[in-house]
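Topology and contacts: notes
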Amino acid sequence: MDIMKKNRALVMAMAAVMGLSLSASAFAEETVANKDKPLVWFNRQPSNSSTGELDMTALNFNENTYYVGFDANQGAELQGTMVLDYIQSNIDTIDRNGDGVIGYVLAIGDIGHNDSIARTRGVRKALGTGVDKDGEINSDPIGTNTDGSATIVQDGSIEVDGTTYVVRELASQEMKNSAGATWDAATAGNAIGTWSSSFGDQIDVVVSNNDGMGMSMFNAWSKDNQVPTFGYDANSDAVAAIAEGYGGTISQHADVQAYLTLRVLRNALDGVDIDTGIGTADEAGNVLTDDVYVYNEEERSYYALNVAVTAENYQDFTDSTVVYEPVSNQLDEAEHPRKSVWLNIYNAADNFLGSTYQPLLQKYDDLLNLDVEYIGGDGQTESNITNRLGNPSQYDAFAINMVKTDNAASYTSLLSQ
């Protein structure tokens, strides 16, 4: 009997200790300071909108802070090359009015956004219309330039089969609406209406910093006038439109980006090596190869690589919301317990983020056992988003997509309180 009492007492003591341990663990988890929780910036890299210099304070906010995006310069050069290749391959028909000038118009997304700057530079570099400014190609909009007198750009030239053609940027502007939203598709549709009514027969090519604006111009004018239009993002509607004359687009591997956005958080929450399920296979077999992404340790940034989508391969990209097969395996919830994530989209109306990126995130959050609260902004003001981060303590991690790349401190100040 004494032995039974002793054993019962021992069991009760062990249970008490275990209970205390579990309670302490739960308490410790609940009281992790917000400033120490995993944070991923995505799509808009913290940086100076005037110089492009990275905001390393934001990128080093804590030991579990990273950026996920895509290789903007590689993609920009790819877009420029895609446009140039199309012109060269269709030189017999592309000069619509036969004046020997290949005229193009350019829709610029956000003059202070590194991705927009890179894409403008990439097109101007490939077409020979770029002008140096402080050691880089000037990415400023030119207004109109039908006579080739602008100083922000210059006339380029292209020789095909012994004939030399002038390449001219006829017009470009930032597509910003009256409320302040950039990358605005409706503004782009209005712009092509103005440009086409003023100098329509001189426009041989339409180029856009993204597909949202590109498709707006395509549907408003260039489709009916059979003018090739080139965008960026490989949105499903743009890919489908290639069959109707849309010239091409660039896939920034949104499937890989969306995975990385949540995978980096998952790894940090699990306390495992950050490369798990990325460059190193996890226990479910998820792994990425180095031909679809790069990691820059100094910049604490993951960059997906880009692929040109044209008439030759567009059928492989018709659904932009399909998860990337090599990282489509479900994680075991027993080994990777569910965690809560606060994530915002800077503009709920943005075509790429709303129609491609968020649907992918919503598929990956299930695979990675993450309960994500999605917040949609108005695309104009940071406070429209930050006002909805009133209780960060209820979340385990954060994924932030800023309105302006300069404004990282608007978020980190909330997490530091």
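For the structure, check the block above.
Here is a short report on the structure shown in this document. (Residues numbered from 1 in each chain as written. Predicted model: local features only at pLDDT ≥ 70, side-chain atom pairs only at ≥ 80, totals over all residues. Heavy atoms only, no water.)

1. Structural notes on the environment of aspartate 184
Note that aspartate 184 resides in the loop between strand S8 (163-174) and helix H6 (185-199). Relative accessible area serves as the criterion here: at 16%, aspartate 184 is assigned to the buried category. Residues aspartate 184 and valine 322, 138 residues apart in the sequence, show an inter-C-alpha distance of 26 Å. Setting aside anything within four residues of it in sequence, one finds aspartate 184 in contact with Met175, Asn177 and Met213. At 3.5 Å, the side chain of aspartate 184 and the side chain of asparagine 177 are in polar contact. (Helix = DSSP H or I, 4+ residues; strand = E, 2+ residues; numbered from the N terminus. Buried < 20%, exposed > 50% of the residue type's maximum accessible area, 1.4 Å probe, protein only. Contact = heavy atoms within 4.5 Å. Polar contact = N/O pair within 3.5 Å; in protein donor to acceptor, adjacent residues only side chain to side chain.)

2. With respect to the packing of aromatic side chains
Counted according to the given criterion, the structure contains 13 aromatic pairs. An angle of 75 degrees between the planes, with centres 5.3 Å apart, marks the rings of tyrosine 86 and phenylalanine 230 as edge-to-face. Of this pair, tyrosine 86 sits in helix H3 (residues 72-89) while phenylalanine 230 sits in strand S10 (residues 229-230), and the two are 144 residues apart along the sequence. A connected cluster of aromatic rings, assembled from ring pairs, spans Tyr66, Tyr293, Tyr295 and Tyr302. (Phe/Tyr/Trp six-rings, centres within 6.5 Å; stacked < 30°, edge-to-face > 60°.)

3. Some details on the pairing of strand S15 (residues 339-345)
Within S15, seven of the seven residues are buried, which leaves the element mostly enclosed by the surrounding structure. Along S15, one buried face is formed by Lys339, Val341, Leu343 and Ile345 and the opposite face, lined by Ser340, Trp342 and Asn344, is buried too. A crossover links S15 with its parallel partner strand S16 (residues 370-376), the connecting element being helix H10 (residues 351-367), and its sense is right-handed. (Right-handed = clockwise from strand over helix to strand, strands pointing away.)

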